[in-house]
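These are the residues of each chain, in order.
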There are 2 protein chains.
Amino acid sequence: MPVSKLEYNLIHRACVGDILTRAAWRFPERVAVKDGDVSLTFKELNERANRLGDALLNLGLAHQDRVGIMSLNSWEFLVSYFACAKAGFVAVPINLGLKGPEITYCLKDAQAKALIVDAMFAQMITPVLKELEDIEHIIWYGAEQPMSDGGNIFNRLLKEGDPAEVEQVVEDRDIVQLLYTSGTTSHPKGVLTSHVAVTITSLSSALTLKLDEKDTVLAVLPLFHCAQLNAITLPALLVGATTILQKSFDAKQVSVALERERVTMTALLPMMYAALQAESTAQKRDFSSMRLAIYAMAPMPRTRIKEIQDLFPNANILLGSGQTELTPPTTFQRPHHQWVKAASWGAATPSVQIGIMDDEGNLLPRGETGEIVYRSPQAMEGYLNLPGPTEETFKHGWLHSGDVGYIDEEGVVWFTDRKKDMIKTGGENVASIEVERRLMEHPAVQEAAVVGLPHPRWGEAVTGVVILKPDQSANEEELIAFCKETLAGFKVPKRIEVVTEFPRTGTGKIRKHRLREQLKDLYTQEIPNR
Amino acid sequence: MPVSKLEYNLIHRACVGDILTRAAWRFPERVAVKDGDVSLTFKELNERANRLGDALLNLGLAHQDRVGIMSLNSWEFLVSYFACAKAGFVAVPINLGLKGPEITYCLKDAQAKALIVDAMFAQMITPVLKELEDIEHIIWYGAEQPMSDGGNIFNRLLKEGDPAEVEQVVEDRDIVQLLYTSGTTSHPKGVLTSHVAVTITSLSSALTLKLDEKDTVLAVLPLFHCAQLNAITLPALLVGATTILQKSFDAKQVSVALERERVTMTALLPMMYAALQAESTAQKRDFSSMRLAIYAMAPMPRTRIKEIQDLFPNANILLGSGQTELTPPTTFQRPHHQWVKAASWGAATPSVQIGIMDDEGNLLPRGETGEIVYRSPQAMEGYLNLPGPTEETFKHGWLHSGDVGYIDEEGVVWFTDRKKDMIKTGGENVASIEVERRLMEHPAVQEAAVVGLPHPRWGEAVTGVVILKPDQSANEEELIAFCKETLAGFKVPKRIEVVTEFPRTGTGKIRKHRLREQLKDLYTQEIPNR
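No experiment lies behind these values; they were computed from the predicted model shown.

K.L.:
What exactly am I supposed to notice about the overall build of chain A here?
P.N.:
Regarding its fold elements, chain A presents 16 helices and 25 strands. Expressed as lengths along the three principal axes of its C-alpha atoms, the size of chain A is roughly 80 × 50 × 50 Å. The proportion of buried residues among the 530 residues of chain A is 61%. Expressed as a percentage of contacts within chain A between residues at least 6 apart in sequence, the contacts between residues at least 24 apart total 67%. With an accessible surface of roughly 20400 Å², chain A has 52% of that area assigned to carbon and sulfur atoms. Here chain A contributes 56 positively and 67 negatively charged side chains, and the mean placements of these two sets differ by 3 Å.

See below:
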């Protein structure tokens with residue numbers, strides 16, 4: 001009898017839903033996830049994902065329809081994500097750090113057909129529902145769901161759905177997730193990521209982190225972000241490790257969880273580690289189970305790493321980096337980088353090829369600085385509805401990151417700056433980040449942004465913009481002198497403006513292009529030979 | 001500018017050639033492979049693969065053309081395999097344990113356009129070349145190449161080819177390798193395996209074995225076999241580990257290599273470990289670097305494992321299993337299985353789902369015995385030129401292994417017998433392997449095969465066929481009595497034949513179907529109620 005398309009597909013495909021299916025078949029009785037009082041085995045988590053997937057199919061959702069997910073870290077998030085993966089829908093986890101209008105933009109852009117949403121967001125989402133014309137199903141969950149909308153529809157769907165494996169054709173290059181980058185210069189961009197990309201990322205990250213079923217992983221950073229979702233939580237589920245979910249960062253709760261659950265691995269932001277440390281000096285805790293403390297965002301100085309090492313004496317403290325377009329992780333510091341290359345991004349994972357490219361599309365040799373570009377099966381398929389930016393990102397046959405940096409002799413990546421934030425002044429390149437770092441060292445400075453502004457003589461002039469600490473003062477002259485102490489002359493800001501606030505994105509990033517726009521005439525009165 | 005098909009492909013694909021490319025970019029100066037006096041860094045190995053790939057394209061070979069490789073373990077084998085992967089050809093490594101006519105059959109069946117061959121096989125292959133009408137290029141390598149054919153063409157191609165990355169469109173589901181199963185009942189069957197299957201297998205095996213760039217792996221089993229190639233050597237190259245190649249098993253040489261190279265991992269057959277042990281008692285060696293001693297074929301008794309543990313005090317001694325159709329490994333024993341479940345196959349790897357199925361296509365619960373079936377992105381695309389057997393293998397939406405076994409509560413797989421060797425006698429199922437194992441315990445028995453033969457009363461009658469040790473004797477009655485001591489009555493052979501040789505395949509496996517054919521009338525004279 002000929003093999004049907006579905007039969008062939010079920011045997012061969014690289015489907016993200018099968019990550020959970022296989023874990024449930026390998027470790028049915030192991031605890032997959034703990035979320036407050038709820039504890040689910042792999043078998044239970046898998047059956048709930050099957051039930052929801054089946055119920056969504058019964059609602060009439062079709063292959064590759066998009067399903068919004070508005071959820072803090074919760075078992076419902078994971079069930080929703082895997083239900084979509086198994087049934088062939090596209091999960092669209094919403095970044096809850098975005099403002100209301102941006103969330104509306106994402107859901108409209110995605111043409112989401114259904115929205116799975118924690119009732120705690122009812123006040124935020126209900127007013128904009130009428131704008132979201134594509135949404136046919138609102139699936140509330142949580143304790144405080146508006147009963148007018150039929151109560152806890154999520155739980156009802158779980159009851160109605162079949163716990164048997166959802167068996168739908170899902171192709172390797174079908175889309176499994178659509179995540180929006182926060183975008184400092186424009187609307188958020190929707191990143192379309194395939195099943196095979198997430199499958200390979202999960203394996204590659206688990207391999208790099210040496211995860212296995214004996215690990216217990218604390219998930220604090222939000223699952224709606226690619227770093228937590230793709231670099232940490234999916235790899236943990238893949239190997240049969242237990243995930244402990246936290247709704248948000250609370251130093252006390254995280255400390256308690258780390259100790260009580262004998263957590264072996266977590267990923268936090270630098271400021272979270274600082275808060276943990278403060279909490280831990282108040283109450284001595286046993287963190288001896290921790291073997292890996294990952295941090296994100298940017299390298300930490302060695303003094304900070306030393307402090308975290310004191311907190312977690314048995315752990316490596318390592319930076320992981322990545323970007324939504326390449327499904328993180330892209331690079332990880334390895335244990336031998338912790339002290340000697342703490343300021344680097346570490347090395348590429350086994351499934352990522354990293355090049356350094358000049359503006360003409362030529363690859364540069366090791367040690368030279370240029371744009372960081374990638375080839376990897378982890379690459380996004382493209383931006384949704386944005387053929388222009390997609391083509392721009394894929395030009396010269398490499399995925400362009402917009403990051404500038406270099407690779408050293410050992411294959412370690414050193415990030416210099418975002419490409420659009422590099423300043424070209426009098427023929428020299430200046431990384432805005434380097435100058436910002438110096439300004440931040442001044443005791444009066446709370447936050448600093450450095451931009452290049454049009455200048456009749458220098459092309460661009462290095463320009464500082466700072467917010468001072470509430471009880472501190474410093475004038476322009478003094479700050480410039482402070483920079484001159486350690487920076488080369490051409491890196492020293494020509495002017496420094498003191499302001500009280502920055503233009504920011506919904507997630508709090510400084511919109512430097514707005515700053516540049518606001519200050520664009522700062523030097524137009526300058527005489528070219530000044 | 002629109003992104004070309006090639007540009008898109010280079011960024012996204014899961015191509016096996018990129019395993020080497022990425023390793024070379026990550027660890028250019030690390031030693032990838034040592035082959036006798038030749039030592040190649042990842043950069044050198046990669047450049048040679050690029051050179052050969054480019055040269056083969058220049059010879060006119062086209063996308064998915066098949067290239068035979070006749071080679072013992074050698075750097076030339078690896079260069080050839082990766083050259084094919086990068087250029088989009090299909091590598092056809094030839095099992096050198098096969099007889100001449102079988103090798104001819106494989107190359108003809110594959111319609112190989114080119115043959116890369118060690119000149120040491122000139123005497124074997126030259127006489128049959130005229131039969132291989134599809135072969136357009138014979139590429140000799142090695143010291144003793146027949147000069148009449150243009151000398152060491154392999155080295156000439158390496159000189160002519162471009163060391164820059166070969167950039168050809170290679171799709172995820174293009175075929176990267178065509179390996180022939182030895183087949184006890186028919187001609188060898190060609191197994192077509194895709195790039196994405198081998199990519200995922202390499203990641204999954206490296207993850208299971210916790211390989212990293214600090215490992216040194218001794219490759220003794222032949223690279224033309226999927227176990228060494230896909231489960232060990234590609235994962236080692238993927239993570240940047242060093243591979244030490246051995247042309248064949250020589251206890252002395254292997255011992256010297258293990259000690260001198262500070263080898264951390266190897267995979268051998270049980271009898272090889274026994275030989276190592278004998279060698280090592282003669283000369284005390286330092287094997288303290290060994291952390292993982294893998295073995296293949298079948299579980300070893302604990303007494304044997306204990307002896308190997310004494311040899312490698314710091315190593316886990318673990319069985320890995322798999323089959324060409326699923327790209328090994330399928331299961332691996334984990335460290336905690338070494339003593340308590342030594343007789344099992346261990347557990348599935350993270351990318352393999354294992355079911356147990358009855359003859360009607362129903363999955364059976366844990367603990368029940370049936371055919372072992374798989375779903376995994378590691379699955380073959382199908383058998384070459386054999387739509388019937390391919391459909392049969394993929395029926396009910398699972399890949400059928402032909403193996404019978406069960407899965408215990410912990411998810412560990414226990415192999416019972418090959419399905420076609422199970423005997424149905426008087427309503428009971430008997431695993432031929434269990435009876436063979438008992439017969440082999442008799443001091444006079446050198447080798448035993450147990451088959452089911454047609455019997456008027458029992459349906460099939462359990463029947464033993466044995467070869468005795470040269471200086472030993474034992475009669476049928478005595479052997480039957482010996483079986484009765486430990487086996488249930490229905491498992492005891494009704495008859496035992498003593499023979500001097502078995503019908504065998506090219507690789508030495510007993511052809512049980514021939515035995516059944518030869519002995520099919522053994523019981524036809526029996527009276528039904530005997």
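K.L.:
What is the right way to read the environment of B:S71 from this model?
P.N.:
Residues and elements named next belong to chain B. Counting through the fold element by element, S71 comes out in the loop between β3 (66-70) and α4 (75-87). Distance from S71 to D118, taken between C-alpha atoms, is 5.7 Å for residues 47 residues apart in sequence. In contact with S71, not counting residues within four places along its chain, are F77, L96, F121, Y141 and F224. Within the structure, the side chain of S71 is placed 2.8 Å from the side chain of S74, a separation counted as a polar contact. A polar atom in the side chain of S71 sits 2.6 Å from the side chain of Y141.

K.L.:
So what exactly am I meant to see when it comes to the relation of the copies chain A and chain B here?
P.N.:
Related by rotation about an axis and a shift along that axis, the two copies of the chain form a pair. For the match of chain A to chain B, the screw axis carries a shift of 0.0 Å, the RMSD comes to 0.0 Å, and the turn is 180°. Each copy turns onto its partner about a two-fold axis. When C-alpha positions in chain A are compared against the rotation axis, the closest is assigned to A:L207, at 2.3 Å. Mapped onto chain B, 100% of the interface residues of chain A are again interface residues, and the two copies thus contact each other with one and the same surface.

K.L.:
It is not clear to me how the sheet that holds strand β17 (residues 370-375) of chain B should be interpreted in this structure. Could you clarify?
P.N.:
Each strand in a sheet pairs with another by means of backbone hydrogen bonds, the pair being arranged parallel or else antiparallel. Residue and element names in this part refer to chain B. Reading across from one edge, β16-β17-β19-β20 is the order of the 4 strands in this open sheet, with antiparallel pairing throughout. Of all the strands in the sheet, just β16 (353-357) and β20 (413-418) have a single pairing partner and so form its edges. Across this sheet, the average inter-strand angle for adjacent strands is 50°, counted without regard to direction. When strand β19 (residues 399-407) meets β20, the two strands line up antiparallel, connected through 5 bridges. When the bridges of β20 are listed, D403 appears paired with R418.

K.L.:
I'm lost on empty space enclosed by the protein in this one. Help?
P.N.:
Sizing a probe to match a water molecule and rolling it over the atoms shows the empty space that remains. Going through the model one piece at a time under the given rule, you end up with 4 cavities of 30 Å³ or more. Along its surface, the largest cavity is lined by 14 residues, and A:L10, A:R13, A:D18, B:Q353 and B:R375 are the ones closest to its centre. Every element with two or more residues in the lining of the largest cavity is listed here: α1 (5-12) and α2 (17-26) of chain A. The element contributing the most residues to the lining of the largest cavity is α2(A), with 3 residues.

K.L.:
How should the nonpolar core be read in this particular structure?
P.N.:
Nonpolar side chains in soluble globular proteins generally cluster together in the buried interior. Formed by 234 residues in total, the largest nonpolar core has its most connected members in A:Y81, A:F312 and B:Y81. Sequence-distant contacts of A:F312, defined by excluding residues within four places in its chain, comprise A:L258, A:Y273, A:L276, A:F287, A:M290 and A:A293. If you look at the next biggest cluster of nonpolar residues, it comprises 44 residues, including B:A342, B:W345, B:V352 and B:I354.

K.L.:
What am I meant to see in the interface of chain A and chain B here?
P.N.:
When the parts come together, some accessible area is lost, and that loss is often what is quoted as the size of the interface. Each partner contributes residues to the interface: chain A has 58 residues there, and chain B has 58 residues. Between chain A and chain B, roughly 4700 Å² of surface is buried when both sides are summed, and carbon and sulfur atoms account for 57% of that area. On the chain A side of the interface with chain B, the three residues burying the most area are A:I11, A:W25 and A:R26, jointly 15% of the side's total. Summed over the shared surface of chain A and chain B, the number is 6 salt bridges. One salt bridge connects B:D172 with A:R173, and the closest N-O pair in it is separated by 2.9 Å. Along the contact surface separating chain A from chain B lie 20 residue pairs in polar contact (both at pLDDT 80 or more). Only α1, α2, α8 (195-209), α9 (226-239), β16 (353-357) and β17 (370-375) of chain A provide two or more residues apiece to the side of chain A that touches chain B. No other element matches the 7 residues that α8(A) contributes to the side of chain A that touches chain B. In terms of residue class, the side of chain A that touches chain B is made up of 29 nonpolar, 13 polar and 16 charged.

K.L.:
I would appreciate a short explanation of the packing of helix α10 (residues 251-260) of chain A against helix α11 (residues 270-282) of chain A in the present structure.
P.N.:
The relative placement of two packed helices comes down to the angle between their axes together with the axis-to-axis distance. Residue and element names in this part refer to chain A. Interaxial distance between α10 and α11 falls to 9 Å at its minimum, and their mutual angle equals 75°. The pairing of α10 with α11 is recorded here as roughly perpendicular in orientation. Here A251, K252, V254, S255 and L258 of α10 lie close against α11, whose contacting residues are A275, L276 and E279. By residue class, the composition of the contact of α10 with α11 is 5 nonpolar, 1 polar and 2 charged.

K.L.:
Looking at this structure, I do not really get the side chain of A:T21. What am I missing?
P.N.:
One can find A:T21 in helix α2. Since its relative accessible area comes to 2%, A:T21 is described here as buried. Engagement of the side chain of A:T21 in a polar contact is seen with the side chain of A:E165, the distance being 3.2 Å. Not counting the four nearest positions on each side in its chain, A:T21 is found in contact with A:N46, A:K86, A:E165 and B:Q353.

K.L.:
Quick question: what am I supposed to make of the pairing of strand β19 (residues 399-407) of chain A here?
P.N.:
Side chains on a regular strand alternate between the two faces of the sheet. Taken across its 9 residues, β19(A) has 8 buried, putting it largely inside the fold. Counting the residues that bridge the hairpin from β19(A) to strand β20 (residues 413-418) of chain A gives 5 residues, and of these A:G411 lies at a positive phi of roughly 85°.

K.L.:
Would you take a moment to explain the pairing of strand β6 (residues 137-141) of chain B for this structure?
P.N.:
Residue and element names in this part refer to chain B. Burial analysis of β6 places 4 of its 5 residues in the buried class, which makes it a mostly covered element. In the sheet, strand β5 (residues 114-118) pairs with β6 via 5 bridges, with the strands oriented parallel. Following the sheet pairing, V117 is matched in β6 by W140.

K.L.:
Looking at this structure, I do not really get the packing of aromatic side chains. What am I missing?
P.N.:
Aromatic rings considered in pairs are described by the distance between their centres and by the relative angle of their planes. Counted by the stated rule, this structure contains 18 aromatic pairs over all chains. On the basis of an interplanar angle of 80° and a centroid distance of 6.4 Å, the ring pair of A:F394 and B:Y8 is categorised as edge-to-face. Of this pair, A:F394 sits in the loop between α13 (387-393) and β19 while B:Y8 sits in helix α1 (residues 5-12), placing the two residues on different chains. Classification of B:Y8 as partly exposed rests on a relative accessible area of 27%.

K.L.:
Any chance you could explain unusual backbone geometry here in plain terms?
P.N.:
Peptide bonds are mostly trans, and most non-glycine residues show a negative phi. Residue and element names in this part refer to chain A. Geometrically, the link from P328 to P329 is a cis peptide bond, its omega value of 0° lying close to zero. Of note, P329 is situated in the loop between β13 (316-321) and β14 (331-332). With a phi close to 50°, K210 is a non-glycine residue in the positive phi region. Of the residues examined, K210 reaches a relative accessible area of 30% and is grouped as partly exposed.

Reading the values: the criteria
- Residues numbered from 1 in each chain as written.
- Chains lettered and ligands numbered in written order.
- Predicted model: local features only at pLDDT ≥ 70, side-chain atom pairs only at ≥ 80, totals over all residues.
- Heavy atoms only, no water.
- Helix = DSSP H or I, 4+ residues; strand = E, 2+ residues; numbered from the N terminus.
- Buried < 20%, exposed > 50% of the residue type's maximum accessible area, 1.4 Å probe, protein only.
- Contact = heavy atoms within 4.5 Å.
- Areas by Shrake-Rupley, 256 points an atom, 1.4 Å probe, with all protein chains shown as cover.
- Lys, Arg positive; Asp, Glu negative; His and termini not counted.
- Charge placed at Lys NZ, Arg CZ, Asp CG, Glu CD.
- Polar contact = N/O pair within 3.5 Å; in protein donor to acceptor, adjacent residues only side chain to side chain.
- Least-squares fit on C-alpha atoms with pLDDT ≥ 70 in both.
- Pairing = 2+ DSSP bridges.
- Axes fitted to C-alpha atoms, helices over the stretch in contact; angles between N-to-C directions.
- 1 Å grid on protein atoms, 1.4 Å probe; cavity = no way out; pocket = protein on both sides within 12 Å on 5 of 7 lines; lining within 4 Å.
- Points joined across faces, edges and corners; volume = space filled by probe spheres on them.
- Core = buried A, V, L, I, M, F, W, Y, C linked by side-chain atoms within 4.5 Å.
- Buried area = accessible area lost by both parts, 1.4 Å probe.
- Salt bridge = Lys/Arg side-chain N within 4 Å of Asp/Glu carboxyl O.
- Nonpolar A, V, L, I, M, F, W, Y, C, P; charged D, E, K, R; others polar.
- Parallel < 35°, antiparallel > 145°, perpendicular 65-115°, else oblique.
- Phe/Tyr/Trp six-rings, centres within 6.5 Å; stacked < 30°, edge-to-face > 60°.

The analysis is restricted to geometry; functional conclusions fall outside its scope.
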